[in-house]
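This is what each chain is made of:
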Amino acid sequence: MLQNLVRLERAVRESRDTDKPLVYWWLDILLLSWITLGIYPWIVFYQRTNRRDKHFERKRAVFRAALDCTREVADARGIDVHYKLEDVERKLNEAENSLLRPKGAALWLVLTIVTLGLAGFYVLYFWTVDWYRLQRFEQDLLDDLSRIWVQLGIVKYPITADSVVPERSYWLYLILTLLTCGIWFLYWDYVVHTDPDLLFRESSRWEDTLLNAFRA
């Protein structure tokens, strides 16, 4: 059994805790906001960023474990793919220092309150663009790793991640919100609330495929 397979299994299994849908958007907006006199939206504000940080950290752990499992297989089968793995690791290192870094849910909640909402514009920015960027990052890394996995005989066919989160323009959405006197913001808030759920389902699909491939 691969020594790093346990790490991969743990990272995949943690999705049960990190990849949970939040309360239904319509319930938050139409009911809980009124019942709690405007307090509940701040709870959701925290949860959205916290969910982002936990999922992105889990993704880092999944790819780290998958990379180490791949090295084990390559060493065991005597196939030199280390220069290819170094390129993948370079991309992962770069992502760890940028996209995959935690934002800090409590920090941005406090900053948004202290700045009377101004900091919330930046929070809304990374809510809007980060899930799509993560999707592209996953697709890129899976493409690189799949070619190695096919070469090593771990899989017969490449493992791919489908595009399920559309690219959204923060500035376009901001302009549309201003032009519609805030009406467009309802849709904007809805998609930043629900886009992660689309990615969670797709992640579960390809992660299970990956895990079964290393178990075989």
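Look a little higher up for the structure.
Keep in mind that what you see is a predicted model, and the values were worked out from it rather than measured. (Residues numbered from 1 in each chain as written. Predicted model: local features only at pLDDT ≥ 70, side-chain atom pairs only at ≥ 80, totals over all residues. Heavy atoms only, no water.)

Caption draft 1: The pattern of salt bridges, seen in detail. Per the counting criterion, the structure on display carries 23 salt bridges. Note that Arg 51 is salt-bridged to Asp 197, the shortest N-O span being 3.0 Å. Taken together, the residues Arg 51 in helix H4 (residues 40-77) and Asp 197 in helix H9 (residues 183-215) connect sequence positions 146 residues apart. In this structure Arg 51 comes out as buried when scored by relative accessible area, which is 4%. (Salt bridge = Lys/Arg side-chain N within 4 Å of Asp/Glu carboxyl O. Helix = DSSP H or I, 4+ residues; strand = E, 2+ residues; numbered from the N terminus. Buried < 20%, exposed > 50% of the residue type's maximum accessible area, 1.4 Å probe, protein only.)

Caption draft 2: Layout of helix H1 (residues 5-13). All buried positions along H1 are accounted for by Leu 5, Leu 8, Glu 9, Ala 11 and Val 12. Buried residues of H1, viewed axially, fall in a sector of 165°; they line one side. For H1, the elements touching its buried residues are helix H2 (15-18), H4 and H9. (Arc of directions from axis to C-beta. Contact = heavy atoms within 4.5 Å.)

Caption draft 3: Representation of the nonpolar core in the model. Counting residues in hydrophobic clusters, the biggest one holds 43 residues, and the most contacted among them are Leu 8, Phe 137, Trp 149 and Phe 214. Mapped by element, the contributors of at least two residues to this core are H1, H4, helix H5 (82-96), helix H7 (119-152) and H9. With ten residues, the single largest contributor to this core is H7. Discounting residues that sit within four places of it in the chain, Phe 137 has contacts with Phe 63, Lys 91, Leu 92, Ala 95, Leu 99 and Leu 100. (Core = buried A, V, L, I, M, F, W, Y, C linked by side-chain atoms within 4.5 Å.)

Caption draft 4: Structural detail: the packing of aromatic side chains. This structure, assessed with the given rule, holds 20 aromatic pairs. Between Tyr 125 and Tyr 170, the aromatic rings sit 5.2 Å apart at their centres with planes inclined by 85°, giving edge-to-face as the arrangement. Here the residue Tyr 125 occupies a position in helix H7, and Tyr 170 occupies one in helix H8 (residues 170-179), the gap between them amounting to 45 residues. Residue classification places Tyr 125 among the partly exposed residues on the basis of a relative accessible area of 25%. On the accessibility criterion, Tyr 170 (7% relative accessible area) is buried. Summarising the aromatic geometry, the rings of Tyr 173 and Trp 188 are spaced 5.7 Å apart at their centres and angled 90° between planes, so their arrangement reads as edge-to-face. With Tyr 173 in helix H8 and Trp 188 in helix H9, this pair connects stretches of sequence that are 15 residues apart. A relative accessible area of 9% means that Tyr 173 is categorised as buried. When its relative accessible area of 0% is taken as the criterion, Trp 188 is described as buried. Feature note: the residues Trp 108, Tyr 122, Tyr 125, Phe 126, Tyr 170, Trp 171, Tyr 173, Trp 184, Phe 185, Tyr 187 and Trp 188 constitute an aromatic cluster, connected by ring pairs. Sitting over the face of the ring of Phe 56, Arg 52 holds its NZ or CZ atom 4.1 Å from the ring centroid. (Phe/Tyr/Trp six-rings, centres within 6.5 Å; stacked < 30°, edge-to-face > 60°. Lys NZ or Arg CZ within 6 Å of the ring centre and 35° of its normal.)

On their own, these measurements won't tell you what the molecule is for.
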